[in-house]
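Residue strings, one per chain:
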Amino acid sequence: QVQLVESGGGLVQAGGSLRLSCAASGRTFSAYAMGWFRQAPGKEREFVAAINWSGGSTGYADSVKGRFTISRDNAKNMVYLQMNSLKPEDTAVYYCAGGGIAGWPRIRPSEYAYWGQGTQVIVSS
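Residues numbered from 1 in each chain as written. Predicted model: local features only at pLDDT ≥ 70, side-chain atom pairs only at ≥ 80, totals over all residues. Heavy atoms only, no water.

Q: Could you clarify how one ought to interpret the layout of surface pockets in this entry?
A: Rolled over the atoms, a probe as big as a water molecule pinpoints where empty space is left. Volume-wise, the largest pocket comes out at about 170 Å³. Along the wall of the largest pocket there are 13 residues; nearest its centre are Arg 38, Lys 43, Glu 46, Glu 89 and Asp 90. Per-class residue counts for the lining of the largest pocket are 2 nonpolar, 3 polar and 8 charged. (1 Å grid on protein atoms, 1.4 Å probe; cavity = no way out; pocket = protein on both sides within 12 Å on 5 of 7 lines; lining within 4 Å. Points joined across faces, edges and corners; volume = space filled by probe spheres on them. Nonpolar A, V, L, I, M, F, W, Y, C, P; charged D, E, K, R; others polar.)

Q: Would you take a moment to explain the packing of aromatic side chains for this structure?
A: Within a pair of aromatic rings, the relevant descriptors are the distance that separates the centres and the angle that separates the planes. Counted by the stated rule, this structure contains 5 aromatic pairs. Centroid distance Phe 37 to Phe 47: 5.8 Å. Interplanar angle 70 degrees. Geometry classified as edge-to-face. With a gap of 10 residues between them, Phe 37 in strand 4 (residues 34–39) and Phe 47 in strand 5 (residues 46–51) connect regions that are remote in the sequence. As far as the burial class goes, Phe 37 and Phe 47 line up, both buried. On the numbers, 6.3 Å between centres and 65 degrees between planes, the contact of Tyr 112 with Trp 115 is edge-to-face. In this structure Trp 115 comes out as partly exposed when scored by relative accessible area, which is 26%. Joined through ring pairs, the aromatic side chains of Phe 37, Phe 47, Tyr 112 and Trp 115 make up one cluster. The ring of Tyr 80 has Arg 19 sitting right over it, with the charged end atom 3.9 Å from the ring centre. Residue placement shows Arg 106 over the ring face of Tyr 112; its charged tip is 4.3 Å from the ring centre. (Phe/Tyr/Trp six-rings, centres within 6.5 Å; stacked < 30°, edge-to-face > 60°. Helix = DSSP H or I, 4+ residues; strand = E, 2+ residues; numbered from the N terminus. Buried < 20%, exposed > 50% of the residue type's maximum accessible area, 1.4 Å probe, protein only. Lys NZ or Arg CZ within 6 Å of the ring centre and 35° of its normal.)

Q: What exactly am I supposed to notice about the sheet that holds strand 3 (residues 18–25) here?
A: Strand pairs in the sheet, formed through backbone hydrogen bonds, run parallel or antiparallel to each other. Taking strand neighbours across the sheet as the criterion, the 4 strands line up as 1-3-8-7 in an open arrangement whose pairing is antiparallel. Lying at the two open borders of the sheet, with one neighbouring strand each, are strand 1 (3–7) and strand 7 (68–73). Averaged over all neighbouring strand pairs, the angle between strand axes comes to 15 degrees, with direction disregarded. (Pairing = 2+ DSSP bridges. Axes fitted to C-alpha atoms, helices over the stretch in contact; angles between N-to-C directions.)

Dropping the structure here:
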């Protein structure tokens, strides 16, 4: 069992930066790929970024590629999402996800077993 808690969301102007953090509990954290998803009002939850168990492989949605960076620190049971050059269309609730099926890449919500409660990101124009 893994519990995930996100933090770091907030209000930022377009062009600004935020760093989201996801704290994970559970001894098997380092065995899982981890991902970030987001959901805007009235829209489906969408993939943002993922990182494999070691941190050696990462993947990004085209909409955030070059602006967002996912990383993890297995010693601290933490996953991060550094978001730069933020745009109003990045406004959403951001969710950390982990566990689930084996394999890589993992870009579908159904492929993850554990989810955090979400953290709100609002980018003003």
